[in-house]
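Topology and contacts: notes
Residues per chain are reported as follows:
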Amino acid sequence: MTTETAPSPTSSDSSHPHGEPRVVDVLVVGGGSASETAGPRAAAAGLSVAVVEGSLVGGECPFWACVPSKAMLLAAHGHRRSGSDDHDAAWAWALQRRTDATAGRDDSGKADGLREAGVELVRGWAAVERDDAGGGLARVRRGGGSPDDPGELVDVLRWRTLVLATGSAPAAPPVDGLDDVPTWTSDEALSSDHRPASLLVLGGGAVGCELAQVYASFGVRTTLVETAPRLLAGENPSVGEAVAQALTGAGVDVRTGVTASRARADGEGVVLELDDGSEVTGERVLLASGRKPRLECVQTLGFDTTDAGALAVDDRYRVLAAGRPLDDVYAVGDVNGRAPYTHGANYQARVVADALVGRPREGDETGMPRAVYVDPPVLAAGLSADGAREAGHDVVVATQASHDTGRAHVERYDGPGTVELVVDAASGVLLGASVVGPEADSWGGELVLAVRGRLDVELLAEVVHPFPAWGELLLPAAEDARDQVRARRGDERPGRGAEQPAHTA
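Conventions we followed
- Residues numbered from 1 in each chain as written.
- Predicted model: local features only at pLDDT ≥ 70, side-chain atom pairs only at ≥ 80, totals over all residues.
- Heavy atoms only, no water.
- Axes fitted to C-alpha atoms, helices over the stretch in contact; angles between N-to-C directions.
- Helix = DSSP H or I, 4+ residues; strand = E, 2+ residues; numbered from the N terminus.
- Parallel < 35°, antiparallel > 145°, perpendicular 65-115°, else oblique.
- Left-handed = near helix turned anticlockwise from the far one by under 90°.
- Contact = heavy atoms within 4.5 Å.
- Nonpolar A, V, L, I, M, F, W, Y, C, P; charged D, E, K, R; others polar.
- Pairing = 2+ DSSP bridges.
- Buried < 20%, exposed > 50% of the residue type's maximum accessible area, 1.4 Å probe, protein only.
- Phe/Tyr/Trp six-rings, centres within 6.5 Å; stacked < 30°, edge-to-face > 60°.
- Polar contact = N/O pair within 3.5 Å; in protein donor to acceptor, adjacent residues only side chain to side chain.

So, about the packing of helix α3 (residues 66-82) against helix α4 (residues 87-101). The contact between α3 and α4 brings their axes to 8 Å, and the two run at 150°. Looking at the two axes, α3 sits roughly antiparallel to α4. As α3 runs across α4, the sense of the crossing is right-handed. Packed against α3, whose contacting residues are Val67, Pro68, Ala71, Met72, Leu74, Ala75 and His79, the element α4 presents His87, Ala90, Trp91, Trp93, Ala94, Leu95, Arg97, Arg98 and Ala101 at the interface. Taken together, the residues of the contact of α3 with α4 sort by class into 12 nonpolar, 2 polar and 2 charged.

Now the structure itself:
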């Protein structure tokens, strides 16, 4: 949930008096994508469902995060490839594309969608109470701009089951002086029409990499600072190397393995002092080093939290209290920290919706995809090689350059990219995969299925792709991994080997 734009006046709002609590079977706190998944499914089964949201229905993704950033990225890619140096005109076009993609931040269509699905929308910020025996109250306030300043009490609801889908908010890194210099959160950057002359990006995760490439593409002198030794540090090293190459090619000054220790104002700009003794300058700082779960609505209830400050849940996404799952309280999406992506929230909401209608099951996040929409894009699923080793697996790793295929020849692509497969050496099961290359977020999808299905690499190596498709890139890596597994087993069957390229024209 966010606080920057008022809900659409045309949206469906609750107008019930708050004198007597109204009873609902299911109360969803937070109107993001998870509410749009769980709410209608529960309502379709005959349950009474209410969603409480103080900002825009749909949450961060369609208005402040995923959708506007992808609109800007696509505009940036097009501008860069055009070779034009008219950054002003291209920026204006990008802003219009962002406005179109976010429907001008009008959430009335999404609000109407909930209403048409039989879900009541209550505008406002909820503070939740829970009875020892289960169930509880939600006091809804409206008129304030955030959960910390919610406004006047407008409604009281009694819930039987609670689904917490409150999302997360940008978190500022602990840098001395940061409060005294101009900064943007990612939400603020994607809300602003301003194109700064220079920008300092703190954080080399997905958000930092994407926005650094956006601004650099429009002529902004951009510096990215990342504490870890490489970008996207949780992924295989080949991913961070490929993305660093792509960002450098777009004009980004990439600084890895250094930490910002102090920020100070310098005229109308900012100086960041780095712990290697160097300094970098910019008009403002973009904070992209992480987010924090939003727990304001339940902060007095004593629910268990993780070391990262998220709500602790079991594999059915039931919230834990004193180490025990509560059958009447669930948490999905960023607020539980397990799969902090829109598609992760939607998956968890489907699992919870099944429980709400009497079909409880455990969630399985094996193969949950992770995408980064730089140019070229990244798709990863499952464990990295380091993560697999830490989990106790003996692994084999196979790689393939993503320009070594017939499709790359046709498109004259020789840019950064790679395919990397992580396979359990004993079983041959694919544990993880990462791909970087043109349209990788699409053609790499079969690896998501392969990891989720715990596919044996012997079968993966037999998959046939049409020529000349980008998917042909997977064959050499799959055959290499298969041959390595066979060699570990002492299987002498001949293999193709990774030294041979995929079919080229």
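Having seen it, we continue.
Now for the packing of helix α1 (residues 33-44) against helix α9 (residues 342-356). Two quantities define a packed helix pair, namely the angle between the axes and the distance from one axis to the other. Contact geometry for α1 and α9: axes closest at 8 Å, N-to-C directions at 20°. By the criterion of interaxial angle, the relationship of α1 to α9 is roughly parallel. Pair α1 / α9 crosses with right-handed handedness. Residue-level contacts link Ser33, Ala34, Thr37, Ala38, Arg41 and Ala42 of α1 to Thr342, Ala345, Asn346, Ala349, Arg350, Ala353 and Leu356 of α9.

Attention now goes to the sheet that holds strand β11 (residues 253-256). The strand order across the open sheet formed by 5 strands is β8-β15-β9-β10-β11, and the pairing between neighbours is parallel. Since the sheet does not close on itself, it has two edges, and those belong to β8 (183-185) and β11, each with one partner. This sheet shows a mean twist of 20° between the axes of neighbouring strands, independent of strand direction. Across 4 bridges, the pairing between strand β10 (residues 221-226) and β11 is parallel. Following the sheet pairing, Thr223 is matched in β11 by Asp253. Helix-sheet contacts for helix α7 (residues 206-217) involve β8, β9 (198-202), β10 and β15 (284-287), and the interaxial angle to β10 is about 165°.

Below, the discussion takes up the sheet that holds strand β14 (residues 279-282). Strand order in the open sheet made by the 3 strands is β12-β13-β14, with antiparallel pairing throughout. A single partner strand is all that each edge strand has here, and the edge strands are β12 (260-266) and β14. Averaged over neighbouring strand pairs, the angle between their axes works out to 20° when direction is ignored. Bridge analysis of strand β13 (residues 269-274) against β14 gives 4 bridges, and the strand direction is antiparallel. Looking across to β14, one finds that Glu273 is bridged to Glu279.

Time to look at the pairing of β15. In β15, alternate side chains face the same way, and those of Arg284 and Leu286 on one face and Val285 and Leu287 on the other are all buried. Of the pairings in the sheet, the one linking β8 to β15 comprises 3 bridges and is parallel in character. The residue of β15 that forms the bridge with Trp184 is Leu286. Two elements, β9 and β15, share 4 bridges in a ladder whose sense is parallel. In the sheet register, Leu199 faces β15, and the bridge partner there is Arg284.

What follows covers the packing of aromatic side chains. Counted according to the given criterion, the structure contains 5 aromatic pairs. Here the aromatic rings of Trp91 and Tyr215 are separated by 5.8 Å at their centres, their planes lie at 40°, and the arrangement is tilted. Here Trp91, found in helix α4, pairs with Tyr215, found in helix α7; they are 124 residues apart in sequence, far enough to count as distant. Accessibility classification places Trp91 together with Tyr215 in one group, the buried group. Plain terms: the ring middles of Trp91 and Phe218 are 5.3 Å apart, the flat faces sit at 75° to each other, and that makes the pair edge-to-face. Of this pair, Trp91 sits in helix α4 while Phe218 is found in the loop between α7 and β10, placing the two residues 127 residues apart along the sequence. By relative accessible area, which is 0% here, Phe218 ends up buried.

Tracing the chain through its elements places Ser33 in helix α1. Take Ser33: its relative accessible area is 17%, and that puts it in the buried class. Here Asn346 takes part through its side chain, which lies 3.1 Å from a polar atom of the side chain of Ser33. Among all residues touching Ser33, those that are not within four sequence positions of it are Gly58, Thr342, Ala345 and Asn346.

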